[in-house]
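# Topology and contacts: notes
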Amino acid sequence: VRSGELFVQTGTTAVRITQSKAGSVASDPAWSPDGQWVYYVDTRQTHGWWYNADQGCIDYFLLTYPVLCRVHPDGLDAQAMMSGQIEYGRLQTFFWIHDPSISPDGTTAAVISDGPTDPTVSDNLLRFIDLRSGAFESTPDLPDEHPFGHSEPAYSPDGRRVAYVREGRKGNDGDPSIYLYDTADGTTSWLASGYRNPPWSPDGSYLAVTKSVG
């Protein structure tokens, strides 16, 4: 990512594969396992209306909202998979979408989001998006430490588990823990504390992690 655009680099050559429109910013790129797509979050802008409780009126404002997108590595056939924009009649708000990780069969994206329910009452937690329908799948309630939520999901190579970080706090310092979510039975288990950034080894036996220093 550079200046809000995505690039694919081969050797010493980098090719831009996204084009910013009306101030949009691309981030969080993730390859599909078959190498045919690059998934990313495109943060876009629009104008909307929202209730101003202090003034007792509806205000006009600039709304930024995320859209989960994908594009081929040659920059062709860009597609929007899910928008975080929400409309309540004439009012507009959004839910977050970030850190996409794509399942080995290419049908599901693990993301961190406070959707699809009211974003004012939900933390950013591990969620799953059906990439065929563009809708959230049902996800069991997973443990978190309000209001820090989750981050950094990563599918295992066989698709049976998703490693993710449960964000916490120890005094004034962050205290992340890595958990494993079982995609078959919807259970979650603690793996290690004090670490983050959990990508898998190709055989699914190890996680390469970053130690968090408080």
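That block above? That's the structure.
Rules used in this analysis
Residues numbered from 1 in each chain as written. Predicted model: local features only at pLDDT ≥ 70, side-chain atom pairs only at ≥ 80, totals over all residues. Heavy atoms only, no water. Helix = DSSP H or I, 4+ residues; strand = E, 2+ residues; numbered from the N terminus. Rg over C-alpha atoms; globule rule 2.2 N^0.38 Å. Buried < 20%, exposed > 50% of the residue type's maximum accessible area, 1.4 Å probe, protein only. Contact = heavy atoms within 4.5 Å. Phe/Tyr/Trp six-rings, centres within 6.5 Å; stacked < 30°, edge-to-face > 60°. Lys NZ or Arg CZ within 6 Å of the ring centre and 35° of its normal. Pairing = 2+ DSSP bridges. Axes fitted to C-alpha atoms, helices over the stretch in contact; angles between N-to-C directions. Core = buried A, V, L, I, M, F, W, Y, C linked by side-chain atoms within 4.5 Å. 1 Å grid on protein atoms, 1.4 Å probe; cavity = no way out; pocket = protein on both sides within 12 Å on 5 of 7 lines; lining within 4 Å. Points joined across faces, edges and corners; volume = space filled by probe spheres on them. Nonpolar A, V, L, I, M, F, W, Y, C, P; charged D, E, K, R; others polar. Salt bridge = Lys/Arg side-chain N within 4 Å of Asp/Glu carboxyl O.

### What about the overall build of the protein chain?
Broken down by element type, the protein chain carries zero helices and 20 strands. The C-alpha atoms of the protein chain give 18 Å as radius of gyration, which agrees with the globular expectation for 214 residues (17 Å, within 12%). Referenced to the eigenvectors of the C-alpha coordinate spread, the extents of the protein chain come out at roughly 55 × 45 × 35 Å. Taken across its 214 residues, the protein chain has 42% of its residues classed as buried.

### Some words on the environment of Pro29
Within the secondary structure layout, Pro29 lies in strand 3 (residues 25-31). Pro29 sits 10 residues away from Tyr39 along the chain, and the two C-alpha atoms are 5.5 Å apart. Beyond its immediate sequence surroundings of up to four residues, Pro29 is in contact with Val1, Leu6, Val38, Tyr39 and Tyr40.

### A few points about the packing of aromatic side chains
Applying the stated rule across the entire model yields seven aromatic pairs. Ring pairing ties together the aromatic residues Phe128, Tyr155 and Tyr181, which thus form one cluster. Stacked on the ring of Trp37, the Lys or Arg Arg70 has its end atom at 3.9 Å from the ring centre.

### With respect to the sheet that holds strand 14 (residues 161-166)
Two modes of strand pairing occur in sheets, parallel and antiparallel, and in both the strands are linked by backbone hydrogen bonds. Strand order in the open sheet formed by four strands is 13-14-17-18, with antiparallel pairing between adjacent strands. Two strands bound the open sheet, and with one partner strand each, they are strand 13 (150-155) and strand 18 (188-193). Going across the sheet, the axis of each strand differs from the next one's by a mean of 25°, ignoring polarity. By the bridge criterion, five bridges tie strand 17 (residues 177-182) to strand 18 in an arrangement that is antiparallel. Bridge pairing in strand 18 links Tyr181 to Thr188.

### As for the nonpolar core
Leu68, Ala109, Ile129 and Leu131 are the most contacted members of the largest nonpolar core, which totals 14 residues. Breaking this core down by element, the ones donating at least two residues are strand 6 (79-83), strand 9 (97-102) and strand 10 (108-113). Filtering out sequence-adjacent residues up to four positions away, Leu68 remains in contact with Tyr40, Gln79, Ala80, Met81, Met82, Ile97, Pro100, Ala109, Ile129 and Leu131. Residues Val8, Val38, Leu63 and Cys69 belong to the second largest nonpolar core, which totals 12 residues.

### Considering empty space enclosed by the protein
Tallying each qualifying case throughout the model produces one cavity of 30 Å³ or more. Of the pockets and cavities examined, the largest cavity occupies roughly 30 Å³. In terms of lining residues, the largest cavity is bounded by Leu125, Leu126, Arg127, Thr139, Pro140, Asp141, Leu142 and His150. If you tally residues by element for the lining of the largest cavity, the top one is strand 11 (residues 125-130), at three residues. Here the lining of the largest cavity is built from residues that sort into four nonpolar, two polar and two charged.

### Some thoughts on the pattern of salt bridges
Here the structure, examined in full by the defined rule, presents four salt bridges. Residue Asp42 pairs with Arg44 through a salt bridge whose shortest N-O separation is 2.8 Å. For Asp42, a relative accessible area of 10% gives the class buried. Assessed through its relative accessible area of 28%, Arg44 is described here as partly exposed. Salt-bridge contacts for Glu152 lead to Arg196; the nearest nitrogen and oxygen are separated by 3.4 Å. Here Glu152, found in strand 13, pairs with Arg196, found in strand 19 (residues 195-196); they are 44 residues apart in sequence, far enough to count as distant.

### So, the pairing of strand 5 (residues 57-71)
As judged from the 15 bridges shared by strand 4 (residues 38-52) and strand 5, these two strands associate in the antiparallel manner. Paired with Asp42 across the strands is Val67, a residue of strand 5. Counted along the chain from strand 4 to the antiparallel partner strand 5, the turn is four residues long, and its residue Gly56 has a positive phi close to 70°. Judged from the four bridges that link them, strand 5 and strand 6 form a sheet pairing that is antiparallel.

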